[in-house]
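Next come the chains, spelled out residue by residue.
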Amino acid sequence: MPEPPRVPDSPQLAPPTLPTSDISTGPSTWPGVIGALLCVFAGVGILSRAFSTLLMAVAPAIPFLRDTMPSGPLLTWGIVLSVVGLPTSAIHLIAGIQTLRRRPSARRWVIVFFVYVLVLVVPNAIFQYYSGIHQMQQMQQMQSAGQQGAPPPGMAAVMQGANLAGVAFALVFPLLWPAFLLVWFSRRSIRDEMATWEAA
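Remember, it's a predicted structure, so these values are computed and weren't measured experimentally.

Another point: the overall build of the protein chain. The helix and strand tally for the protein chain stands at 6 helices and 0 strands. Secondary structure of the protein chain in N-to-C order comes out as α-α-α-α-α-α. The proportion of buried residues among the 200 residues of the protein chain is 28%. Put simply, of all contacts in the protein chain between residues at least 6 apart along the chain, 79% involve residues at least 24 apart.

Structure below.
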């Protein structure tokens, strides 16, 4: 009995292949965003500290400022704190510039910025507390003298509570941004990326 004719095997089709062209990802955008924020906040800090230093320095010579601003050792303390705080904004600015330039030293400047703010936050809060005490004493003197514009008698407790709230704010708020930066620049993925940046 004749054998049936053999059917040739169908050719094996190769599996589809993906395009071999390189798909390159662009550089990350976070250094531009974080660096710009650092520079903006640093500029605001420089202007505000310079203005507050100048304001406290000329306050004794201006009558309406002399009655509201701290005086004596407290005023000197405020001027010293304001001057000592100026390098904080300079360090802040350097950290922003180094981040924009994608330099590994940006993380080191961020750490220095955090430590500087941490050291100054308690003295600034103490100054805030005694400045509030000074304002309350001024208001009590106005009440005793019956001067026009003196606050009502019940405002003393309100002012005391506002002063304590201001001290708490002075302790917490200045650390929020430096703490965020410290956490951000300490992330492993960020440190690994910064290790590839050009050193300077």
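Next comes the rest of the description.
On to the nonpolar core. If you look at the biggest cluster of nonpolar residues, it comprises 16 residues, and the most contacted ones within it are Trp-30, Ile-34, Leu-181, Phe-185 and Met-194. Sorting the residues of this core by element identifies α1 (30-58), α3 (73-100), α4 (105-145), α5 (155-186) and α6 (188-195) as the ones contributing at least two each. Those residues in contact with Ile-34 that sit more than four places away from it in its chain are Phe-180, Leu-181, Trp-184 and Phe-185. Core analysis: the next-biggest nonpolar cluster, separate from the first, contains 7 residues, Met-56, Ala-59, Met-69 and Leu-81 among them.

In this structure, Arg-102 takes a positive phi of about 60° despite not being glycine. With respect to the helices and strands, the residue Arg-102 is situated in the loop between α3 and α4. In this structure Arg-102 comes out as partly exposed when scored by relative accessible area, which is 25%.

Applying the stated criterion to the full structure yields 10 aromatic pairs. Aromatic pair Trp-30 and Phe-185: ring centres 5.7 Å apart, planes at 80°, arrangement edge-to-face. Of this pair, Trp-30 sits in helix α1 while Phe-185 sits in helix α5, placing them 155 residues apart in sequence. A residue is classified by how much of its surface remains accessible, and Trp-30, at 10% relative accessible area, is buried. Residue Phe-185 is classed as buried on the basis of its relative accessible area of 1%.

Computed from the structure, the largest pocket encloses a volume of approximately 1,200 Å³. Lining the largest pocket are 41 residues, with Ser-48, Arg-49, Asn-124, Phe-173 and Pro-174 positioned closest to its centre. Elements with a minimum of two residues in the lining of the largest pocket: α1, α3, α4 and α5. In terms of residue count, α4 provides more of the lining of the largest pocket than any other element does, 13 residues in total. Of the residues contributing to the lining of the largest pocket, the split by class is 24 nonpolar, 16 polar and 1 charged.

Once that is clear, we can look at the packing of α1 against α3. Packed helices, taken two at a time, are described by their axes: the angle between them and the distance between them. The contact between α1 and α3 brings their axes to 8 Å, and the two run at 160°. When the axis of α1 is compared with that of α3, the two are roughly antiparallel. Considering how the two elements wind past one another, α1 and α3 form a crossing that is left-handed. Looking at the contact of α1 with α3 residue by residue, the classes come out as 20 nonpolar, 12 polar and 1 charged.

Criteria and cut-off values
Residue positions are given per chain, counting from 1 as you read along its sequence in written order. Only residues with pLDDT of at least 70 are given local features in this predicted model, and only at 80 or more are side-chain atom pairs given and counted; all residues enter the totals for whole chains, interfaces and linings. As a convention, hydrogens and water are excluded, and side-chain values are obtained from all of the structure's heavy atoms. By definition, any uninterrupted DSSP run of H or I lasting at least four residues is a helix, any uninterrupted run of E lasting at least two residues is a strand, and each is numbered from the N terminus. Accessible area is worked out with a 1.4 Å probe on protein chains only. A residue is then buried under 20% of its type maximum, exposed over 50%, and partly exposed in between. It only takes one pair of heavy atoms within 4.5 Å for two residues to be counted as in contact. As used here, the term nonpolar core means buried Ala, Val, Leu, Ile, Met, Phe, Trp, Tyr and Cys residues forming a set that is joined through side-chain atoms within 4.5 Å. Stacked, edge-to-face and tilted labels apply to pairs of Phe, Tyr and Trp rings (six-membered ring for Trp) whose centres lie within 6.5 Å, assigned for plane angles under 30 degrees, over 60, and everything in between, in that order. A 1.4 Å probe that fits into a set of points on a 1 Å grid over the protein atoms alone but cannot get out defines a cavity; an open set with protein on both sides within 12 Å along at least five of seven lines defines a pocket, and lining residues are those with an atom within 4 Å of a point. Grid points are joined across faces, edges and corners, and a volume is the space filled by probe spheres set on the points. Ten residue types, Ala, Val, Leu, Ile, Met, Phe, Trp, Tyr, Cys and Pro, are classed as nonpolar, four, Asp, Glu, Lys and Arg, as charged, and the remainder, Gly among them, as polar. Throughout, an axis means a line fitted to C-alpha atoms (over the contacting stretch in the case of helices), and angles, computed between N-to-C directions, take values from 0 to 180 degrees. Note on angle classes: values under 35 degrees are labelled roughly parallel, values over 145 roughly antiparallel, values of 65 to 115 roughly perpendicular, and the remainder oblique. Working rule for handedness: look at the near helix, and if it is turned counterclockwise from the far one by less than a right angle, call the crossing left-handed; if clockwise, right-handed.

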